[in-house]
Amino acid sequence: MNRINKQFICINWGTKYGAEYVNRLYAMVARNTSPPFSFTCFTDNNQGLNPEINALDLPTLNFALPVTKKGIWPKCRLWSENLGGLSGPVLFLDLDVVISGNLDDFFTYGEPEDVILARNPSNPLEKLGQTSVYRFPVGKLKPLLQKFALNPLDIAETYKYEQRYVTRNAPGGVKFWPKPWVLHFRQQCRRSFPINYFKEAKLPSNSKIVIFPGDLNPIDAIEGRYHSKESINTPLEHIKLGLKGVRNRSLTAHLRHYILPTSWVKNLWKE
């Protein structure tokens, strides 16, 4: 790459995430990327988006997406060779990531033809990638889409999660970002018991992006709860609820899952 073309993409469908999520992500990218760069959102609703965002229709599919108990597969649309006129490497970001450092290095790391994923610390022995933050050349993952189209439900049930399918089937294999760059909030930022009752989640200074796979989202971290359906409690209230049996998990897990409101997420996750 003589001239680095910094192309960010994201995808938004349905009603789970509104325009504010896309705008917030764009603002974080803009604060942490040296210009010029482009930011494209593939969406079924472009209402309320920042005019600086290139809003395009969702790439079409010639098959129905599978409905399964585990795994979410609409991101497979981005494996198309026709991606809104984009070409070359693109960096995909989930809408609920928190950007904590400069992103320029995500476009110079490795080779332009590489498929590079975040590491999934939940499955270290499997060496599983995480597609919350991953880079790929437009069109390189077309074989995955072609294979998926032949039997979507069977593949979804076999691999469970889209990131496992990408990790195991990307042409030429995958690479991973350096460990400090991308952190998993639940696995790598939350404090261990009993420190979680006295200190908020940590953020190493050399991190660049914090991802939020699963049920714990940035707003939950800001408010201080493990799941959006749980109440917000002080440390003492949380302990008392656990001892009284007002919990949906074991007492040990109940105590481990407490988090204090996380100020750095609030400071970073904004327009």
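Residues numbered from 1 in each chain as written. Predicted model: local features only at pLDDT ≥ 70, side-chain atom pairs only at ≥ 80, totals over all residues. Heavy atoms only, no water.

Draft legend 1. Up close: the sheet that holds strand S9 (residues 182-184). The strand order S5-S10-S9 describes an open sheet built from three strands, whose pairing is mixed. For this open sheet the edge positions go to strand S5 (98-99) and S9, each flanked by a neighbour on one side alone. (Pairing = 2+ DSSP bridges. Helix = DSSP H or I, 4+ residues; strand = E, 2+ residues; numbered from the N terminus.)

Draft legend 2. Up close: the sheet that holds strand S7 (residues 129-137). As summarised here, the arrangement of the seven strands in space is S3-S2-S1-S4-S7-S6-S8, forming an open sheet in which the pairing is mixed. Each having just a single partner strand, strand S3 (54-57) and strand S8 (175-176) make up the two edges of the open sheet. Sheet analysis places strand S6 (residues 116-119) next to S8, joined by two bridges and oriented parallel. Directly across from Leu117, in S8, lies its bridge partner Phe176. In the packing of helix H1 (residues 19-31) onto the sheet, contacts are made with strand S1 (6-12), strand S2 (37-43) and strand S4 (89-93), and the angle to S2 comes to roughly 165°. Packing of helix H4 (residues 162-169) onto the sheet brings it into contact with S6 and S7, and relative to S7 it is tilted by some 45°. (Contact = heavy atoms within 4.5 Å. Axes fitted to C-alpha atoms, helices over the stretch in contact; angles between N-to-C directions.)

Draft legend 3. Just the environment of Glu223, in detail. Structurally, the position occupied by Glu223 is in helix H6 (residues 218-223). For the pair formed by Glu223 and Leu260, sequence separation is 37 residues and the distance between their alpha carbons is 7.8 Å. If we skip the residues at most four places from it in the chain, Glu223 touches Ile232 and Pro261. Polar side-chain contacts of Glu223 include one of 2.6 Å to the side chain of Arg225. (Polar contact = N/O pair within 3.5 Å; in protein donor to acceptor, adjacent residues only side chain to side chain.)

Draft legend 4. Region of interest: the side chain of Ser100. Mapped onto the fold, Ser100 is located in the loop between S5 and S6. Within polar-contact distance, the side chain of Ser100 engages the side chain of Ser207 at 3.0 Å. Among all residues touching Ser100, those that are not within four sequence positions of it are Leu203, Ser207, Lys208, Ile209, Val210 and Leu268.

Draft legend 5. Spatial organisation of helix H3 (residues 152-159). When H3 is considered as a whole, its buried residues turn out to be Pro152, Ile155, Ala156 and Tyr159. Along the axis of H3, the buried positions cluster into a sector of 100°, meaning they face one direction only. (Buried < 20%, exposed > 50% of the residue type's maximum accessible area, 1.4 Å probe, protein only. Arc of directions from axis to C-beta.)

Draft legend 6. Molecular detail of the packing of aromatic side chains. Scanning the entire structure with this criterion turns up 24 aromatic pairs. The interplanar angle of 80° and the centroid separation of 5.0 Å between the aromatic rings of Phe8 and Phe107 together place this pair among those described as edge-to-face. Separated by 99 residues along the polypeptide, Phe8 in strand S1 and Phe107 in the loop between S5 and S6 bring together distant segments of the chain. Of the two residues, Phe8 and Phe107, neither departs from the other in class, the shared state being buried. Feature note: the residues Phe63, Trp73, Trp79, Phe148, Tyr159 and Tyr165 constitute an aromatic cluster, connected by ring pairs. The ring of Tyr21 carries the charged tip of Arg24 above its face, separated from the ring centre by 5.2 Å. Seen from the ring of Trp269, Arg24 lies directly overhead, with NZ or CZ sitting 3.8 Å from the centre. (Phe/Tyr/Trp six-rings, centres within 6.5 Å; stacked < 30°, edge-to-face > 60°. Lys NZ or Arg CZ within 6 Å of the ring centre and 35° of its normal.)

Draft legend 7. Representation of H4 in the model. Within H4, six of the eight residues are buried, which leaves it mostly tucked inside the rest of the structure. When we look at burial in H4, the residues that qualify are Glu162, Gln163, Arg164, Tyr165, Val166 and Thr167.

Draft legend 8. Layout of the nonpolar core. Of all hydrophobic cores here, the largest spans 45 residues; its most connected members are Leu25, Leu93, Phe106, Val133 and Phe185. Broken down by element, the residue count for this core peaks at seven residues, all from H1. Excluding its chain neighbours within four sequence positions, the residues that come into contact with Val133 are Leu91, Phe92, Leu93, Val97, Phe106, Ile116, Leu117, Ala118, Trp177, Val182, Ile209 and Ile211. Core analysis: the second largest hydrophobic core is formed by 29 residues, Ile9, Ile11, Phe63 and Leu144 among them. (Core = buried A, V, L, I, M, F, W, Y, C linked by side-chain atoms within 4.5 Å.)

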